[in-house]
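Given next are the chains, with one letter for each unit.
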Amino acid sequence: MATSSSTGRALRPVIFLLYLNLLISIAFAVLTFLNKEAILDYQVLHWESTGQANPADHAGTRASLESVLWIRPVSVLVIAIVYVRLAARLKLGRRRTWVRVMLVTVLGLAGLVYLVISAEFPDWMRAGQVVQAVVLLVLFLLLCSKGVRGYFSKEGRVPAKV
């Protein structure tokens, strides 16, 4: 059976990576807001040069891309609330919390891989997405490690103090 000190050591890097991923998300949400015009210019030019948009409808293309661009900052706010709650609940040792963290990690990783491969963002945004994907990959590997999985198994769980 795991002790609380070994549990703390096993969960510390997991919680750190959750918050690191959140900080990266917040930083890129702020950078997106601050560089909105440059990002939109890049995307419109890319869409028009690849034939995905009609150059005659420059304003319409820009408006539709702008609405999509705001998805990231809004999703960061939602994820921030989820991450803070999950990080706090991890120490309780409930298996369903581990499953939720695993699900958020896998979905986040899949979303970032999709964005890196298919979205038309400037190179600095893609680099940030790659860094964030690496953080989530390491988080996934930690969640799959024997020490962390053991803490959330029926045999290794430390009873929560109420």
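Residues numbered from 1 in each chain as written. Predicted model: local features only at pLDDT ≥ 70, side-chain atom pairs only at ≥ 80, totals over all residues. Heavy atoms only, no water.

## A word on the environment of glutamate 48
The cut-off we apply is this: The numbering of helices and of strands both runs from the N terminus, where a helix is a DSSP run of H or I of at least 4 residues and a strand a run of E of at least 2. Accessibility here uses a 1.4 Å probe with only protein chains present; expressed as a share of the type maximum, an area under 20% marks a residue as buried, one over 50% as exposed, and anything in between as partly exposed. Throughout, a residue-residue contact means that at least one pair of heavy atoms, one from each residue, lies within 4.5 Å.
Locating glutamate 48 in the fold gives a position in helix α2 (residues 36–49). A relative accessible area of 19% places glutamate 48 in the buried class. Here the alpha-carbon distance between glutamate 48 and leucine 17, two residues 31 residues apart in the chain, equals 38 Å. Setting aside residues no more than four positions away along its own chain, glutamate 48 makes contact with Ala53, Asn54, Pro55 and His58.

## Describing the nonpolar core
This is how the line gets drawn: Here, the term nonpolar core denotes a set of buried Ala, Val, Leu, Ile, Met, Phe, Trp, Tyr and Cys residues that are joined through side-chain atoms within 4.5 Å.
If you look at the biggest cluster of nonpolar residues, it comprises 27 residues, and the most contacted ones within it are Leu18, Leu90, Leu139, Leu143, Val148 and Phe152. Take this core: its biggest share by element is nine residues, from helix α1 (residues 4–34). In this structure, leucine 18 is in contact with Tyr83, Ala87, Leu90, Val101 and Leu139, ignoring residues within four places of it in sequence. By size, the runner-up hydrophobic cluster in this structure holds eight residues, among which are Leu40, Val44, Ala119 and Met125.

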